[in-house]
Amino acid sequence: MGKGFLTYASAAILHAVASGYLYGFDIIDITGMPGGTVYPALRRLQEAGYLVSRWEKQSLAETQPRPARKYYDLTREGQQVLAEAVKRYRLLEQTPPNKRRNPKPSHA
Amino acid sequence: MSLLTRCKQFFARPHLSLIALLGVIVPRRLRADWRHEWEAELQYREALLARWDHLDWRNRLDLLWRSTSAFWDALSLQPRRLEDEMVQDIRFGWRMLRRSPVMSLVAVISLAAGIGANTAIFSVINALILRPLPYPAPEQLVKVFQGQLDPTKGTLPSLWSYPRFEVLRDQNQSFAAVAGFKQNPYNLTGTDAPERLQIEMVSASYFPVLGIQASVGRTFTADEDRPPATNLTALLSYGLWQRRFGGDPTVIGKTIEFDKHPFTVVGVLPPGFRGQDGTADGWVPMAAAETLDYKGKLTNPNNYWSQVIARLKPGVTLAQAQAEMPGISEQIEQKFPSPKQTLPGNARIPAVAPLQAAKVDPAIRKSFLILLASVALVLLIACANTASLLLARAVARQREIAVRAALGAARSRVIRQLLTESILLAGIGGGLGVLVARGGLALLKDFKPSDNAAFWTSYTRTFDFFNINLDWRVLSFNFGLALLTGLLFGLFPAIQSSFASVSQALKEGAVGSAAGFRGLQKLNARSFLVVVEITLSLVLLAGAGLMLKSLARLQAINLGFSPAGVVTMAAPSRAARTEFYEQLLARVRELPGVESAAVGSTAPLLGYASITAMDIEGRSDIGFSTIGVHSVSPDYFKTLGISLRIGRVFTERDRAGAQRVAVINQAAADKYFAGESPIGKRIKPFIDPEYDTAEKFVEIVGIVDDVKYARPEEATGPDVYLCSLQPTDQAQTLILRTNLDLSAIVPAVRSQVLALDHNVPLTAIRTMTERAAEVTSRTRFLAVLLTLFAALALLLAAIGIYGVMAYSVSARTRELGIRIALGANTGDVRRLVLGDAIALIATGLALGLVTAWPSVQVLQSQLYDISPTDPLTLGVMAILLAGLGLLACYLPARKAMRTDPLAALRNE
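Residues numbered from 1 in each chain as written. Chains lettered and ligands numbered in written order. Predicted model: local features only at pLDDT ≥ 70, side-chain atom pairs only at ≥ 80, totals over all residues. Heavy atoms only, no water.

Draft legend 1. Seen up close, the overall build of chain B. The helix and strand tally for chain B stands at 28 helices and 21 strands. Out of the 908 residues belonging to chain B, those deemed buried represent 52%. Sequence separation of 24 or more characterises 81% of the internal contacts of chain B that already satisfy a separation of 6 or more. (Helix = DSSP H or I, 4+ residues; strand = E, 2+ residues; numbered from the N terminus. Buried < 20%, exposed > 50% of the residue type's maximum accessible area, 1.4 Å probe, protein only. Contact = heavy atoms within 4.5 Å.)

If you want it as structure tokens, here you go:
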């Protein structure tokens with residue numbers, strides 16, 4: 001992946017993460033892209049150093065009987081390329097409203 | 001856990017099961033993490049939506065749909081495999097192989113030879129047996145034989161007469177279509193360069209049966225094939241069209257001449273299609289038979305000349321078609337009662353066989369199956385050898401493996417590492433094996449068993465050696481074999497090595513005494529492998545020995561004439577009369593370098609021109625008897641060097657109008673005139689068509705030696721020679737005795753032929769020496785290849801024995817040193833070392849003899865004049881193997897004898 005140039009799909013995913021959609025499935029939902037695109041892109045973005053991933057706090061997950069989820073966050077580099085990409089892909093600005101920049105507590 | 005519970009669990013929450021399943025293809029290092037993430041997401045989503053049991057189908061489907069995305073994710077992670085353990089194993093294995101280059105080289109070369117030879121032979125089997133016929137729905141194609149298996153010859157009578165063929169074609173219920181075909185050579189005339197063409201005479205249904213369409217124009221119509229033929233049509237092969245007509249499409253509608261009869265070209269067949277013999281240049285309808293050949297060919301029910309193929313109706317089985325045949329036979333018999341001396345009752349029922357099976361001579365097929373078995377043995381020996389080498393190396397690596405184990409490597413992990421190495425070896429061997437196979441195939445093509453088509457009439461031969469190549473089936477065979485080989489020779493040493501005792505190996509020095517103890521255990525395993533190698537080698541050697549001996553006996557057969565310096569060629573012309581050949585002979589005799597010249601209806605080893613029924617004047621006791629009939633010019637016997645036994649041969653005075661005379665061979669004299677002199681007796685061979693002469697009987701004037709016309713290994717039957725100057729069959733084969741090369745004599749003869757008649761081509765040019773080699777080619781083919789494989793096996797076995805002995809001597813250096821220091825002399829040491837070797841070799845030979853005895857029985861049908869259990873051959877081969885085995889021990893034994901006790905003990 002060349003530095004400073006993002007495909008629209010990658011940019012949309014970074015944008016979604018920056019907007020607070022931190023989990024794979026949330027990103028799928030908000031971007032409307034299929035999982036078969038989103039997940040490989042997440043892996044690539046992570047490898048390129050634009051994203052980092054962490055595991056959700058175990059205690060949080062344990063409140064429900066389910067395993068801890070993995071969430072993604074932008075690195076500084078990620079924020080820079082996203083800022084450049086937003087200039088190119090005007091369409092991105094119309095997508096989702098900003099959300100809280102924290103691991104989203106589950107509320108099921 | 002029962003399968004049922006597993007299934008239940010799988011379907012209880014299919015989205016999670018799918019993730020577990022897909023996890024398998026995720027690189028191992030990332031797997032746990034990957035599964036965790038996906039499961040967490042799915043379960044979270046599930047929890048969000050309420051529990052699975054309460055989900056409506058839309059949500060269930062959504063979850064399932066999401067889980068399938070994991071497949072693409074898993075795929076995208078595949079490049080990460082490079083960091084996987086397997087790749088590490090391969091890298092490490094590669095380093096280990098490079099560290100012991102000699103051992104790796106020996107292993108790779110022997111594996112490449114073994115795998116390559118297997119691939120080459122398999123590719124022939126593939127083309128011969130496995131690959132389907134190149135026609136649409138080939139499984140529906142059958143060959144219909146005119147009668148049942150002839151128990152005396154083991155062959156099916158394949159030829160039909162035209163009227164009998166018509167009954168089959170018109171009365172059957174099983175076949176969608178039935179077609180007849182027969183290939184004959186005719187001259188392309190009416191041009192400046194006459195050419196002998198192979199023309200397949202076929203019924204109009206022939207092309208629909210095969211499912212072949214013309215690539216230009218059309219094939220024959222039913223009208224064109226309805227006798228009597230008025231407007232004769234012809235089809236060209238693609239090759240002939242390109243060669244003689246420059247690929248010009250306007251050739252359609254043009255007239256060409258075969259033997260001076262005009263034919264209208266109506267189509268060109270697709271490239272590659274050359275008829276059932278694989279050699280046809282053109283096609284004419286069967287209705288043309290009486291025009292091109294002779295009257296009565298289409299009406300005489302007892303003139304058998306055409307073969308028959310058919311296409312089964314959809315849904316009709318072979319057995320159903322066969323079940324209909326007795327009825328057909330009945331109808332044929334009612335319409336055309338068989339003459340009394342021919343096939344009896346049941347033997348007349350036509351036999352239906354798949355065309356696929358009929359396309360290859362069973363003898364050829366069998367030779368290749370034997371060869372495949374032999375190369376499999378060679379590969380087994382190569383495997384045993386490689387296993388033995390790996391075991392030897394495992395001893396050297398004992399410490400490394402012990403250290404690995406000490407650091408916590410599981411046994412399975414160690415075995416996997418060692419197996420990866422052996423599969424890597426086999427993989428490299430397999431890759432090189434493809435190259436070996438390509439080279440081997442080129443050799444096989446040069447060296448293919450060739451034969452005169454006259455011997456093969458009962459088998460259609462669509463099979464063409466040049467179609468043999470390395471297709472996907474062969475390549476997958478090759479690599480499958482390599483994988484299997486790697487497992488085969490790798491598993492045993494790997495499991496052995498994984499038992500390494502940590503404390504033992506680490507405590508001892510690299511070549512300590514206890515390591516020697518472990519070494520002995522490995523030595524036993526290696527000894528076992530050597531015994532296996534010797535056993536298998538002896539089987540191969542015995543087979544090769546038998547074939548070589550068989551070949552020698554075949555070549556030593558007295559052919560009844562002297563082939564050296566004899567050249568035969570055909571100057572065929574149906575229109576040409578006896579005078580033409582007399583003039584030609586007169587001209588050819590004058591050519592410089594020609595010692596003698598003659599014509600004959602055929603020549604020795606070229607097959608019979610005709611075998612017919614015969615009567616003897618005044619004898620009713622002989623019943624139905626047949627005799628080979630040869631029409632020859634007076635100098636025939638002199639030119640071929642056939643000795644006269646009694647009476648005289650023909651002279652220039654034996655002409656039309658004079659008393660008709662005949663010369664018979666010794667076999668005829670023995671068979672029909674036992675205890676009396678045949679000279680002066682009169683016989684009447686039925687020659688078809690009968691010639692325009694009042695005197696049908698010929699008087700025997702001489703007896704000559706038996707001459708081989710067909711296969712040399714077959715007993716010579718009775719033959720009669722008639723003088724070509726008298727009314728008889730046509731004699732169009734030119735036979736010269738000359739000291740000149742083909743390149744010098746052929747143009748000279750050709751210009752004489754063209755000077756006499758510019759429509760007569762000169763074809764089928766060959767030397768008798770060439771032909772004599774050709775008729776034994778099948779035996780030679782098998783003999784040479786088996787010898788090659790046996791030699792390879794012998795070499796591998798020798799390497800194996802050498803390796804084991806060399807290892808054993810070096811492991812026992814200290815022991816030998818002590819013995820020498822205590823006063824053992826070189827003789828004692830030699831006895832000690834060679835004693836082991838002799839025990840190994842003797843065990844191998846004993847097992848080998850026991851195995852070879854039944855194994856070589858498969859060669860039975862391929863052998864001539866030798867029993868498969870010929871004790872002399874087996875004995876000689878056992879001695880050869882033993883000798884080479886001992887030779888392989890010589891170097892290690894010499895090293896042992898020269899052991900310097902001081903050096904050996906200082907080593908400690």
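Draft legend 2. Region of interest: the nonpolar core. Residue and element names in this part refer to chain B. Formed by 84 residues in total, the largest nonpolar core has its most connected members in Leu-371 and Leu-859. Contributing elements (two or more residues each) for this core: helix H6 (101-130), helix H13 (362-396), helix H15 (411-446), helix H18 (513-555), helix H24 (777-811), helix H25 (813-821), helix H26 (826-855) and helix H27 (871-897). With residues up to four places along the chain from it excluded, the contact list for Leu-859 reads Ile-370, Gly-543, Leu-546, Met-547, Leu-782 and Leu-786. (Core = buried A, V, L, I, M, F, W, Y, C linked by side-chain atoms within 4.5 Å.)

Draft legend 3. The packing of aromatic side chains, seen in detail. Taken as a whole and judged by the stated rule, the model has 24 aromatic pairs over all chains. Seen from their ring centres, Phe207(B) and Phe273(B) are 6.3 Å apart, and the 65 degrees between their planes marks the pair as edge-to-face. Note that Phe207(B) is positioned in helix H8 (residues 206-210) and Phe273(B) in the loop between strand E7 (261-268) and strand E8 (282-285), a separation of 66 residues in sequence. Phe273(B) carries the same exposure label as Phe207(B), and that label is buried. Ring geometry for Phe273(B) and Trp283(B): centres 5.5 Å apart, planes at 20 degrees, overall stacked. In this pair, Phe273(B) is assigned in the loop between E7 and E8 and Trp283(B) in strand E8, connecting sequence segments 10 residues apart. Take Phe273(B): its relative accessible area is 7%, and that puts it in the buried class. The lysine or arginine in question, Arg69(A), covers the ring of Tyr44(B), its NZ or CZ lying 3.4 Å from the ring centre. (Phe/Tyr/Trp six-rings, centres within 6.5 Å; stacked < 30°, edge-to-face > 60°. Lys NZ or Arg CZ within 6 Å of the ring centre and 35° of its normal.)

Draft legend 4. Spotlight on the interface of chain B and chain A. Counting residues at the interface gives 21 residues for chain B, matched by 23 residues for chain A. Interface area, chain B with chain A, both sides summed: about 2,100 Å², of which 55% is carbon and sulfur. Of all residues in chain B, Glu37(B), Glu41(B) and Tyr44(B) give up the largest surface area on contact with chain A, accounting jointly for 33% of the area buried on that side. The interface formed by chain B and chain A contains eight salt bridges. The residue Asp29(A) makes a salt bridge to Arg45(B) at a minimum N-O spacing of 2.6 Å. (Buried area = accessible area lost by both parts, 1.4 Å probe. Salt bridge = Lys/Arg side-chain N within 4 Å of Asp/Glu carboxyl O.)

Draft legend 5. Layout of the pattern of salt bridges. The full count for this structure, using the stated rule, is 32 salt bridges over all chains. The salt bridge involving Glu37(B) is made with Arg43(A); its shortest N-O contact spans 3.0 Å. Within this pair, whereas Glu37(B) is found in helix H3 (residues 28-48), its partner Arg43(A) is found in helix H3 (residues 35-47), the two belonging to separate chains. With a relative accessible area of 0%, Glu37(B) lands in the buried category. On the accessibility criterion, Arg43(A) (9% relative accessible area) is buried.

Draft legend 6. Inspection of a nonpolar patch on the surface at higher detail. Together, Trp57(B), Leu61(B) and Leu64(B) line one region of the surface with nonpolar side chains, adding up to about 330 Å² of accessible area. Along the chain, Leu64(B) turns up in helix H4 (residues 57-76). (Patch = residues over 30% accessible without salt bridge, like charges linked within 9 Å, V, L, I, M, F, W, Y side chains within 5 Å. Areas by Shrake-Rupley, 256 points an atom, 1.4 Å probe, with all protein chains shown as cover.)

Draft legend 7. Representation of the confidence of the model for chain B within the structure. Residue and element names in this part refer to chain B. Averaged over chain B, the pLDDT score is 82; the fraction of residues at 70 or greater is 89%. Segment residues 452-466: pLDDT under 50, and 57 contacts once partners within four positions in sequence are set aside and those in other chains are kept. Confidence drops under pLDDT 50 across residues 509-520; counting only partners more than four residues distant or on other chains, this segment forms eight contacts. With pTM at 0.68, the complex prediction returns an ipTM value of 0.79. (pLDDT = per-residue confidence, 0-100.)

Draft legend 8. Summary view of the packing of helix H1 (residues 8-18) of chain A against helix H2 (residues 24-31) of chain A. Residue and element names in this part refer to chain A. At a minimum axis distance of 10 Å, the contact between H1 and H2 shows a crossing angle of 115 degrees. When the axis of H1 is compared with that of H2, the two are roughly perpendicular. Read as a crossing pair, H1 and H2 show a hand that is right-handed. Between H1 and H2, the contacting residues are Ala-12, Ile-13, Ala-16 and Val-17 on the first element and Ile-27, Ile-30 and Thr-31 on the second. (Axes fitted to C-alpha atoms, helices over the stretch in contact; angles between N-to-C directions. Parallel < 35°, antiparallel > 145°, perpendicular 65-115°, else oblique. Left-handed = near helix turned anticlockwise from the far one by under 90°.)

Draft legend 9. Highlighting the pairing of strand E14 (residues 626-632) of chain B. Residues and elements named next belong to chain B. Most of E14 is tucked away: six of the seven residues are buried. Pairing analysis gives four bridges linking strand E13 (residues 610-616) to E14, with the strands arranged antiparallel. What sits directly across from Ser-610, in E14, is Val-629. (Pairing = 2+ DSSP bridges.)

Draft legend 10. Spatial organisation of the packing of H2(A) against H3(B). Orientation of H2(A) relative to H3(B), taken along the N-to-C sense of each, is 65 degrees, at an axis distance of 9 Å. Contacts between H2(A) and H3(B) involve Gly24(A), Phe25(A), Asp26(A) and Asp29(A) from the former and Trp38(B), Glu41(B), Leu42(B) and Arg45(B) from the latter. A breakdown of the residues in the contact of H2(A) with H3(B) according to their chemical character gives three nonpolar, one polar and four charged. (Nonpolar A, V, L, I, M, F, W, Y, C, P; charged D, E, K, R; others polar.)

Draft legend 11. Seen up close, the environment of Ile27(A). Residues and elements named next belong to chain A. Mapped onto the elements of the fold, Ile-27 is located in helix H2. Spatially, the C-alpha atoms of Ile-27 and Ala-12 are 9.2 Å apart, while their sequence positions differ by 15 residues. Not counting residues within four places of it along the chain, the set of residues in contact with Ile-27 comprises Ile-13, Ala-16, Val-17, Tyr-21, Leu-22, Gly-32, Val-38 and Leu-42.

Draft legend 12. Broad picture of the side chain of Gln417(B). Residues and elements named next belong to chain B. Note on placement: Gln-417 falls in helix H15. Residue Gln-417 is classed as buried on the basis of its relative accessible area, which comes to 2%. At 3.0 Å, the side chain of Gln-417 forms a polar contact with the side chain of Glu-421. When neighbours within four sequence positions are excluded, Gln-417 is seen to be in contact with Asp-89, Phe-92, Gly-93 and Arg-404. (Polar contact = N/O pair within 3.5 Å; in protein donor to acceptor, adjacent residues only side chain to side chain.)

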